[in-house]
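These are the residues of each chain, in order.
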Amino acid sequence: MMCLGKNWDPDAHMYTELRPYDNSKPPGIPEKFSDMVKKAIQDSNEFIRGKNDSTRILRAGPSSDEGKVVPSMSPDICIVKFYTKTDRHGLHRDKDESEKSLEKGLPVVSFSIGDSAEFLYGETRAVGEADKVILESGDVLIYGGKSRLILHGVTSILPDTAPASLMEATNMCLGRLNLSFRMY
Ligand SMILES: O=C(O)CCC(=O)C(=O)O
Ligand SMILES: [Fe+2]
């Protein structure tokens with residue numbers, strides 16, 4: 001795991017400005033990445049609006065977000081994880097961001113690259129009751145608004161499912177890369 005923006009300590013469940021192992025500030029989030037996050041949020045709102053009568057969409061977040069289901073945000077944290085074919089990530093909630101960010105339901109925007117993953121999400125810790133989706137390379141998963149504190153996790157990596165074109169172009173290691181952006 002590595003972080004951009006702020007450093008996340010998974011054991012202490014907190015963010016710090018400096019990384020404890022070298023006392024350095026993590027690299028910043030490249031502007032291109034922030035633009036991709038904002039575009040993904042915009043696209044998701046347009047997608048939802050297209051599927052709904054816009055007068056029935058609930059308000060979420062500050063007034064400038066009126067009519068949007070997913071509030072906009074400017075990410076200041078990116079957690080980068082690499083999964084080998086045997087790695088998992090147990091059911092958890094992303095709840096270490098600021099109270100204000102969580103209250104507003106500012107979304108987590110998560111990009112998947114490489115091998116596909118079986119991703120579970122639900123309201124309870126009962127794995128059998130959770131919903132499941134396969135996240136493929138290039139998928140963007142967004143959870144914000146009322147779903148911001150949803151339980152979620154990765155139960156398996158599907159080996160050798162990364163697109164051949166990606167592997168040829170990038171020469172990336174076999175496995176799955178996940179970049180999840182948030183705003184503290
Ligand atoms: O790898 C994923 O898709 C999930 C990552 C995640 O839940 C997290 O970084 O908090
Ligand atoms: Fe998470």
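These numbers come from a predicted model, not from an experiment.

Peer 1: Would you mind showing me how to read the overall build of the protein here?
Peer 2: Of the regular secondary structure elements, the protein holds three helices and 11 strands. Element order for the protein, N to C, with α for helix and β for strand: β-β-β-α-β-β-α-β-β-β-β-β-α-β. Relative to the 2.2 N^0.38 estimate, which gives 16 Å for 184 residues, the radius of gyration of the protein is 17 Å and therefore close to what a compact globule would have. Projected onto its principal axes, the C-alpha positions of the protein cover 45 × 35 × 35 Å. Counting only contacts in the protein whose residues sit at least 6 apart along the sequence, the fraction spanning at least 24 positions is 74%. When the accessible surface of the protein is totalled, it reaches about 10,500 Å², and 54% of it is carbon and sulfur. Counting 24 positive and 27 negative side-chain charges, the protein places the averaged centre of each group 3 Å from the other.

Peer 1: Explanation requested: the UniProt feature "binding site: Fe cation" (unreviewed entry) in the protein in the structure shown.
Peer 2: When the UniProt feature table is mapped onto this chain, "binding site: Fe cation" (unreviewed entry) is found at His92, Asp94 and His152. Over a stretch of 61 residues, the named residues converge on one spot in the fold, their C-alpha atoms separated by at most 8.6 Å. You can see Asp94 is positioned in the loop between β5 (89-92) and α2 (99-104). The residues contacting Asp94, other than those within four sequence positions of it, are Leu102, Val108, Tyr143, Arg148, Leu149, His152 and Arg182. At 3.1 Å, the side chain of Asp94 forms a polar contact with the side chain of His92.

Peer 1: For this particular structure, what's the right way to read the UniProt feature "domain: Fe2OG dioxygenase" (unreviewed entry) in the protein?
Peer 2: Within this structure's numbering, the places UniProt gives as "domain: Fe2OG dioxygenase" (unreviewed entry) are residues 74-184. In this annotation, residues 74-184 is assigned 12% helix and 44% strand; the end-to-end C-alpha distance for the span is 9 Å.

Peer 1: I would appreciate a short explanation of the sheet that holds strand β9 (residues 140-143) in the present structure.
Peer 2: Spatially, β1-β4-β11-β6-β9 is the arrangement adopted by the five strands of the open sheet, whose pairing is antiparallel. Both edges of this open sheet fall to β1 (2-5) and β9, since each of them pairs with a single strand only. Averaged over all pairs of adjacent strands, the angle between their axes in this sheet comes to 20°, without regard to strand direction. Relative to strand β4 (residues 77-83), β1 runs antiparallel, the two sharing four bridges. Along β4, the bridge assignment pairs Gly5 with Ile77. Its contacts with the sheet place helix α1 (residues 31-51) against β1, β6 (108-114), β9 and β11 (176-182), and it is angled at close to 110° to β6.

Peer 1: Could you clarify how one ought to interpret the pairing of β4 in this entry?
Peer 2: Walk down a regular strand and you will see the side chains alternate between the two sheet faces. Where burial is concerned, most of β4 is hidden: six out of the seven residues are buried. Pairing of β4 with β11, which is carried by seven bridges, proceeds in the antiparallel orientation. Across the sheet, Lys81 pairs through a bridge with Asn178, a residue of β11.

Peer 1: Before we go on, may I ask you to explain the environment of Ala126 in this structure?
Peer 2: Relative to the elements of secondary structure, Ala126 occurs in the loop between β7 (116-122) and β8 (131-135). The sequence separation of Ala126 and Leu91 amounts to 35 residues, and the corresponding C-alpha distance is 9.3 Å.

Peer 1: Hey, could you run me through the nonpolar core in this one?
Peer 2: Soluble, globular proteins show a tendency: their nonpolar side chains are buried together. Val37, Met73, Cys78, Val109 and Phe181 are the most contacted members of the largest nonpolar core, which has 14 residues in total. If you list the elements that add at least two residues to this core, you get α1, β4, β6 and β11. Residue contributions to this core peak at three residues, all from α1. Those residues within four positions of Phe181 in sequence are excluded, and the remaining contacts are Ile29, Phe33, Val37, Met73, Pro75, Ile77, Cys78, Pro107, Val108, Val109 and Phe111. The next biggest cluster of nonpolar side chains, apart from the first, holds 10 residues, and it includes Val108, Leu141, Tyr143 and Val154.

How each quantity is defined
- Per chain, the residues get numbers from 1 upward, laid out in the order the sequence is written.
- For naming, the first written chain is A and the first written ligand is 1, with later ones following in the order written.
- With the structure being a predicted model, the display of local features is reserved for residues of pLDDT at least 70 and the display and counting of side-chain atom pairs for 80 or more, all residues being used for whole-chain, interface and lining totals.
- Values shown for side chains rest on all heavy atoms present in the structure; no hydrogens or waters enter the calculation.
- To qualify as a helix, a DSSP run of H or I must reach at least 4 residues; to qualify as a strand, a run of E must reach at least 2; elements of each kind are numbered from the N terminus.
- Throughout, the radius of gyration refers to the C-alpha atoms, and the reference size of a globule is 2.2 Å times the residue count to the power 0.38.
- Working rule for contacts: check all heavy atoms of both residues, and any pair within 4.5 Å makes them a contact.
- Each accessible area is a Shrake-Rupley estimate made with a 1.4 Å probe; only the visible protein chains count as cover when residues are assessed.
- Counting rule applied: Lys, Arg positive; Asp, Glu negative; His and chain ends not counted.
- Where a charge sits is defined by one atom per residue type, namely NZ (Lys), CZ (Arg), CG (Asp) or CD (Glu).
- UniProt positions are given in the numbering used here, feature names are shortened, and annotations may be inferred rather than shown by experiment.
- Polar contacts, as counted here, are pairs of nitrogen or oxygen atoms within 3.5 Å of one another; within protein the pair requires one atom able to donate a hydrogen and one able to accept it, and residues that are adjacent in sequence qualify only if both atoms are side-chain atoms.
- Note: two strands are recorded as paired if DSSP finds a minimum of 2 bridges between them.
- Axis lines are fitted to C-alpha atoms, over the contacting stretch for helices. Their N-to-C directions set the angle, which ranges from 0 to 180 degrees.
- Only protein chains enter the accessibility calculation, which uses a 1.4 Å probe; a residue is then buried when its area is under 20% of its type maximum, exposed when over 50%, and partly exposed in between.
- Definition used in this section: a nonpolar core is a set of buried Ala, Val, Leu, Ile, Met, Phe, Trp, Tyr and Cys residues joined via side-chain atoms within 4.5 Å.

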